[in-house]
Amino acid sequence: RVKRAGGGHTMFQARQDQRSPLEIERLGALHRALERGELRVYFQPVVLAETRAVVAHEALLRWARPSGMVSPLDFIPLAESSGLIVPIGRWVLQEAVGALQTGRLQRASVNVSALEVKQPDFVAYLRGLLSESGITPRRLLLELTESSLLEPRFGKVIRELQSLGVRTALDDFGNGYSSLTALSNLPVQVVKIDRSFATRVGEDSAAGRKALEVVRGIVTLAGAYGLPTVAEGVETAGQAELLRAVGCTYLQGYLFGYPAPLD
Ligand code: C2E
Ligand code: CA
Ligand code: CA
Ligand code: CA
């Protein structure tokens, strides 16, 4: 349960006492990490399936700890349940927009949590950031997951983003039960196929062949809505070829590039 404090930011309240001392310590550490600039944004290339030309980069958070780089999977849940994802997410947006502004990236996509979308000033914040930067809003793609669908304001927010000129993608498609509803109800511009499918594609097994057929089905479905698809988690040349052959528009994965610092 997250309670909204005065300034539109969210503050963690009720569950605080239920947190273990370790969690409380980690939350404090994450807070300091943001303030001290220990968070990093890595970028991973997205390529056009047909030509393998790099067309965009996805921003992926990292936490540089003395013990090494920490994956977002290890701290995003804590950032979300505490509300800290809101300032963190805005910082990631600033970093991505900065990289676009200086021309170091052509296009960038940024992951956005449901709690960020829920902020009443989310669109206003983005509008301000974009107009300050002067970049063409179309160069920014926001990746949203189905969890945002539970937000009653979600459809309205997407339409507001569209009128801003920002594009949106439905992330992790296929990994959930409401995907079809999402696709038919929401005016998203890109479908990102869940990584678990690409991982299985190319396996010489019933599961591998089935995964490929599911991808083919998703591509057809997305095509019926006029939407391009991104297959992520592409690690082998075999997977890339199969995914291209069934019609995925874009590919992303270690085969083409690991997430890396902008430099
Ligand atoms: P995601 O949005 O589905 O991002 C793709 C994940 O797949 C990334 O994990 C990426 O490093 C990984 N990946 C890319 N190519 C390959 C591959 O070929 N093989 C394998 N095995 N993995 C690959 P990462 O960076 O650990 O991020 C995990 C999740 O954390 C992301 O999943 C996203 O949901 C979330 N996340 C990352 N950055 C942010 C952020 O700035 N804000 C929010 N709200 N969430 C973020
Ligand atoms: Ca993503
Ligand atoms: Ca994904
Ligand atoms: Ca995800």
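Further up the page is the structure itself.
All figures in this text were calculated on a predicted structure; none of them were measured in a lab. (Residues numbered from 1 in each chain as written. Chains lettered and ligands numbered in written order. Predicted model: local features only at pLDDT ≥ 70, side-chain atom pairs only at ≥ 80, totals over all residues. Heavy atoms only, no water.)

## So, the environment of G247
Then, in step 1: Tracing the backbone through its elements, the reader meets G247 in the loop between α10 (237-245) and β11 (250-252).
Then, in step 2: By relative accessible area, which is 36% here, G247 ends up partly exposed.
Then, in step 3: A sequence separation of 19 residues divides G247 from P228, and the C-alpha atoms of the two residues are 9.2 Å apart.
Then, in step 4: For G247, the residues in contact, after removing those within four places along its chain, are V219 and T229. (Helix = DSSP H or I, 4+ residues; strand = E, 2+ residues; numbered from the N terminus. Buried < 20%, exposed > 50% of the residue type's maximum accessible area, 1.4 Å probe, protein only. Contact = heavy atoms within 4.5 Å.)

## Let's talk about the pairing of strand β10 (residues 229-232)
Then, in step 1: Here β10 shows two buried faces, one formed by T229 and A231 and the other by V230 and E232.
Then, in step 2: Bridge count for strand β9 (residues 190-193) against β10 is three bridges, and the pairing is parallel. Counted as the bridge partner of I193 is A231 from β10.
Then, in step 3: The pairing of β10 with β11 spans three bridges and is classified as parallel. The partner of E232 across the bridge, within β11, is Q252.
Then, in step 4: You can see the chain leave β10, run along α10 and come back into β11, and the turn it takes is right-handed. (Pairing = 2+ DSSP bridges. Right-handed = clockwise from strand over helix to strand, strands pointing away.)

## Describing the site of ligand 1
Then, in step 1: Of all residues adjacent to ligand 1, which total 24 residues, the nearest are R62, S113, R195, E235 and Y254.
Then, in step 2: Within the backbone of L61, a nitrogen or oxygen atom sits 3.1 Å from a nitrogen atom of ligand 1.
Then, in step 3: Note that a nitrogen atom of ligand 1 is positioned 2.4 Å from one of the side-chain N or O atoms of E235.
Then, in step 4: Here ligand 1 has 800 Å² of accessible area as a free molecule, and 87% of this is covered by the chains.
Then, in step 5: Mapping ligand 1 onto the cavity grids shows that it belongs to the largest pocket.
Then, in step 6: Within the residue set of the shell around ligand 1, elements represented by two or more residues are β4 (54-65), α2 (72-82), α3 (85-101) and β8 (167-173).
Then, in step 7: Considering each element in turn, the shell around ligand 1 owes the most residues, four residues, to β4.
Then, in step 8: Residue composition of the shell around ligand 1, by class: ten nonpolar, six polar and eight charged. (Near = heavy atom within 4 Å. Polar contact = N/O pair within 3.5 Å; in protein donor to acceptor, adjacent residues only side chain to side chain. Areas by Shrake-Rupley, 256 points an atom, 1.4 Å probe, with all protein chains shown as cover. 1 Å grid on protein atoms, 1.4 Å probe; cavity = no way out; pocket = protein on both sides within 12 Å on 5 of 7 lines; lining within 4 Å. Sits in = over half its atoms within 2 Å of the grid points. Nonpolar A, V, L, I, M, F, W, Y, C, P; charged D, E, K, R; others polar.)

## Observations regarding the coordination of the calcium ion (ligand 2)
Then, in step 1: Bound to the calcium ion (ligand 2) on the protein side are E58 (OE), N111 (OD1), E143 (OE) and D171 (OD), at distances that span 2.1 to 2.3 Å.
Then, in step 2: The sequence pattern describing where the donors of the calcium ion (ligand 2) fall on their chain is E-x52-N-x31-E-x27-D.
Then, in step 3: Taking the relative accessible area as the measure of exposure, N111 reaches 31% and is therefore partly exposed. (Donors = N, O, S within 2.8 Å, 3.2 Å for Na, K, Ca; no water.)

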